[in-house]
Amino acid sequence: VPAALDDTAGNKVTERGMENMRSPRGRMDTRGWGGTLYRYRSDAAQKAIAEYAKIAEKYKMPLTELSLRWCKSRSLVTTTLVGHSNLKQLDQSIHYMTNTKDLPEDILWEIDRVHMKNRLPIFSNSEVGRDWFGSGAIGEMIP
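**Considerations on a nonpolar patch on the surface**
- Together, L87, L90 and I94 give the surface a local cluster of nonpolar side chains, amounting to about 270 Å² of exposed area.
- Along the chain, I94 turns up in helix α4 (residues 87-97).
- For I94, a relative accessible area of 44% puts it in the partly exposed group.

**Notes on helix α2 (residues 43-58)**
- Given a rise of 1.5 Å per residue, 16 residues ought to cover 22 Å, and the 23 Å separating the end C-alpha atoms of α2 matches this to within 8%.
- Of all the residues in α2, the buried ones are A44, A45, A48, I49, Y52, I55 and A56. Looking straight down α2, one finds that the buried residues subtend no more than 130 degrees of arc, so they occupy a single side. Seen from the open side of α2, the exposed residues pointing more than 90 degrees away from its buried face are K47, K54, E57 and K58.
- Positive backbone phi, approximately 55 degrees, marks K60, located one or two places after α2.

**Considering the pattern of salt bridges**
- Overall, the coordinates contain three salt bridges when judged by the stated rule.
- The residue K117 makes a salt bridge to E51 at a minimum N-O spacing of 2.9 Å. Here E51 lies in helix α2 and K117 lies in helix α5 (residues 105-117), a separation of 66 residues in the sequence.
- For K117, a relative accessible area of 60% gives the class exposed.
- Of the charged contacts, one joins E65 and R69 as a salt bridge, the two residues approaching to 3.1 Å between their closest N and O atoms.

**Focus on α4**
- All of the buried residues in α4 are Q89, S93 and Y96. Within α4, the buried residues cover an arc of 65 degrees as seen down the axis, which keeps them to one side. Seen from the open side of α4, the exposed residues pointing more than 90 degrees away from its buried face are L87, K88, D91 and H95.

**Re the nonpolar core**
- Of all hydrophobic cores here, the largest spans 15 residues; its most connected members are Y52, I55, L66, L103, I107 and I111.
- Of all the secondary structure elements, the ones that give two or more residues to this core are α2, α3 (63-73) and α5.
- Per-element accounting of this core gives the leading share, five residues, to α2.

**Brief notes about the packing of α3 against α5**
- Interhelical geometry of α3 versus α5 gives an angle of 100 degrees and a closest axis separation of 12 Å. The pairing of α3 with α5 is recorded here as roughly perpendicular in orientation. The residues of α5 that touch α3, namely those facing L66, W70 and S73, are I107, L108 and I111.
- In the contact of α3 with α5, the residues fall into five nonpolar, one polar and no charged.

Analysis parameters
Residues numbered from 1 in each chain as written. Predicted model: local features only at pLDDT ≥ 70, side-chain atom pairs only at ≥ 80, totals over all residues. Heavy atoms only, no water. Patch = residues over 30% accessible without salt bridge, like charges linked within 9 Å, V, L, I, M, F, W, Y side chains within 5 Å. Areas by Shrake-Rupley, 256 points an atom, 1.4 Å probe, with all protein chains shown as cover. Salt bridge = Lys/Arg side-chain N within 4 Å of Asp/Glu carboxyl O. Helix = DSSP H or I, 4+ residues; strand = E, 2+ residues; numbered from the N terminus. Buried < 20%, exposed > 50% of the residue type's maximum accessible area, 1.4 Å probe, protein only. Expected span 1.5 Å × (residues − 1). Arc of directions from axis to C-beta. Core = buried A, V, L, I, M, F, W, Y, C linked by side-chain atoms within 4.5 Å. Axes fitted to C-alpha atoms, helices over the stretch in contact; angles between N-to-C directions. Parallel < 35°, antiparallel > 145°, perpendicular 65-115°, else oblique. Contact = heavy atoms within 4.5 Å. Nonpolar A, V, L, I, M, F, W, Y, C, P; charged D, E, K, R; others polar.

Given below as structure tokens:
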């Protein structure tokens with residue numbers, strides 16, 4: 001799964017999520033899970049999300065629809081985890097997931113090209129400190 005397009009990417013793939021990136025709330029804030037979810041705000045993830053947003057805009061569909069229909073198009077994906085803040089979002093997701101039309105091959109190829117530029121954007125970090133020797137941004141061990 002292109003990580004930045006993954007619908008579990010901390011709500012970053014939605015239009016509302018992209019607006020909240022600079023001042024995250026809820027599980028993305030630094031008081032809660034935010035320390036572990038910094039990866040969704042990395043430069044590489046931001047660039048990938050922006051490119052996916054351009055694809056969605058080009059084909060006149062919401063980014064959430066592009067994401068969910070992409071997940072649905074993967075033959076080996078048997079479960080897609082989604083999160084909603086209200087019933088309207090749930091209704092939209094159900095509508096997108098029950099759409100019987102496959103994403104056209106040209107859209108899938110554009111998504112693949114973004115993915116091939118950086119296969120794991122959520123694990124990229126351009127702000128690596130010299131004093132991080134042996135550990136990552138949240139203290140995880142790096143071999």
